[in-house]
Amino acid sequence: MAQQFRFRQPKYTGENRCLPCTTVNSVIGLVIVAGLAAIDPILAIVVLTFEGLLIYYRGYLIPGTPELTKRYMPAWMLKLFGKTPVEERLLTHTQHEEPAIDADQLDPIVVLAEAGVATETADGTDVTLTSSFQNRLNQQEFAAPTEDAEEIFTELFDSVTIEDTDASIHHLTRSGGRVILTWPSHAAMLGDAKIAQALAETDTQFTERDEMNQLQLVQSTRTLLETCPACNGSLSFSQEERETCCQTYTAGVLSCDACDSTFLEVNESALDDAATA
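Residues numbered from 1 in each chain as written. Predicted model: local features only at pLDDT ≥ 70, side-chain atom pairs only at ≥ 80, totals over all residues. Heavy atoms only, no water.

Enquirer: Got a minute to help me understand the overall build of the protein in this structure?
Expert: When helices and strands are counted, the protein shows 12 helices and 8 strands. Residues counted as buried form 40% of the 277 residues belonging to the protein. If you take every contact in the protein between residues at least 6 apart in sequence, the share linking residues at least 24 apart comes to 54%. (Helix = DSSP H or I, 4+ residues; strand = E, 2+ residues; numbered from the N terminus. Buried < 20%, exposed > 50% of the residue type's maximum accessible area, 1.4 Å probe, protein only. Contact = heavy atoms within 4.5 Å.)

Right, dumping it as structure tokens:
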């Protein structure tokens, strides 16, 4: 039994199993077996059994498969397996599994500026929250953060709940289980709740906007935060290497220096490509 656990690769099996890698290796294995079957059927059965054990316990048959899929598997093929390319997943302001409402396009910064939420910095090179809106955020305190946040979002969107998938990831879901928003941390969820409440009090048109535009404004405001809503620590951007089974990328991460909560993660190479397109 101990040998079995040493042989197993938890990084590529169980909940971490990658369907594209498993499929590619299975196809390669079947091709090999088909060739052997024409020569020696018994040997083909033995090889098929061995291949199945390797894929089950190791996650792949061909050594280096995860690196090969990262380098050579095209985006369209990843989509066939439900693996949205990282650049598409991270470039969206709101991480929706599917659009809740077909919203009109709007420029979040223009709307936030007109509502007195955002303004240019003194040197005109960046955008920041206005002092009045920042003070409004600072004055908000939740006795029961998750419950209070859920109440705020229910008032805005109706029939939604906040689900915890682990210690950090939270989902805003419809009653039918459809995820309409995912937060990378508890602090990000708390921040969005405070922002939504403050926007409803500051922007006279906020509650009249459709759901997608409301979420876009909330998420855009979150990118302008300078302090953590959970611990009041300073927020800063950093570059970090991210790795999934099928993709490797450099992410720009907005996180808290004190509690290490993540507020935003953006694929920097995808942003560069979008800017030059």
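Enquirer: Mind showing me how you'd approach the environment of Gly-29 here?
Expert: You can see Gly-29 is positioned in helix α2 (residues 19-37). Distance in space between the C-alpha atoms of Gly-29 and Phe-50 is 9.9 Å, their sequence separation being 21 residues. Residues in contact with Gly-29, not counting those within four places in the same chain, are Glu-51 and Leu-61.

Enquirer: Please clarify how the packing of aromatic side chains should be interpreted in this entry.
Expert: Geometrically, a pair of aromatic rings is defined through the distance of the ring centres and the angle of the planes. Applying the stated criterion to the full structure yields 2 aromatic pairs. Aromatic side chains Tyr-56 and Tyr-57 sit 4.9 Å apart centroid to centroid with 90° between the ring planes, which places their arrangement in the edge-to-face category. For Tyr-56, a relative accessible area of 48% corresponds to the partly exposed category. Ring plane angle 45° and centroid distance 5.3 Å describe the contact between Phe-153 and Trp-183, whose orientation is recorded as tilted. With Phe-153 in helix α9 (residues 145-157) and Trp-183 in strand β5 (residues 179-183), this pair connects stretches of sequence that are 30 residues apart. (Phe/Tyr/Trp six-rings, centres within 6.5 Å; stacked < 30°, edge-to-face > 60°.)

Enquirer: Mind showing me how you'd approach the confidence of the model for the protein here?
Expert: A low pLDDT means the predicted coordinates there should not be read in detail. This prediction gives the protein a mean pLDDT of 75; 69% of its residues lie at or above 70. pLDDT under 50 marks residues 84-103. Its contacts with residues more than four places away, or in other chains, come to 45 contacts. (pLDDT = per-residue confidence, 0-100.)

Enquirer: What should I look at first to understand the packing of helix α8 (residues 131-139) against helix α10 (residues 186-202) in this one?
Expert: The axes of two packed helices give the description: the angle between them and the distance between them. Where α8 meets α10, the axes come as close as 10 Å, and the angle between the chain directions of the two elements is 125°. With respect to α10, the element α8 is oriented oblique. Classified by chirality, the crossing of α10 by α8 is right-handed. Along its contact with α8, which presents Phe-133, Arg-136 and Leu-137, the element α10 presents Lys-194, Ile-195, Ala-198, Leu-199, Glu-201 and Thr-202. For the contact of α8 with α10, a count of residues per class yields 5 nonpolar, 1 polar and 3 charged. (Axes fitted to C-alpha atoms, helices over the stretch in contact; angles between N-to-C directions. Parallel < 35°, antiparallel > 145°, perpendicular 65-115°, else oblique. Left-handed = near helix turned anticlockwise from the far one by under 90°. Nonpolar A, V, L, I, M, F, W, Y, C, P; charged D, E, K, R; others polar.)

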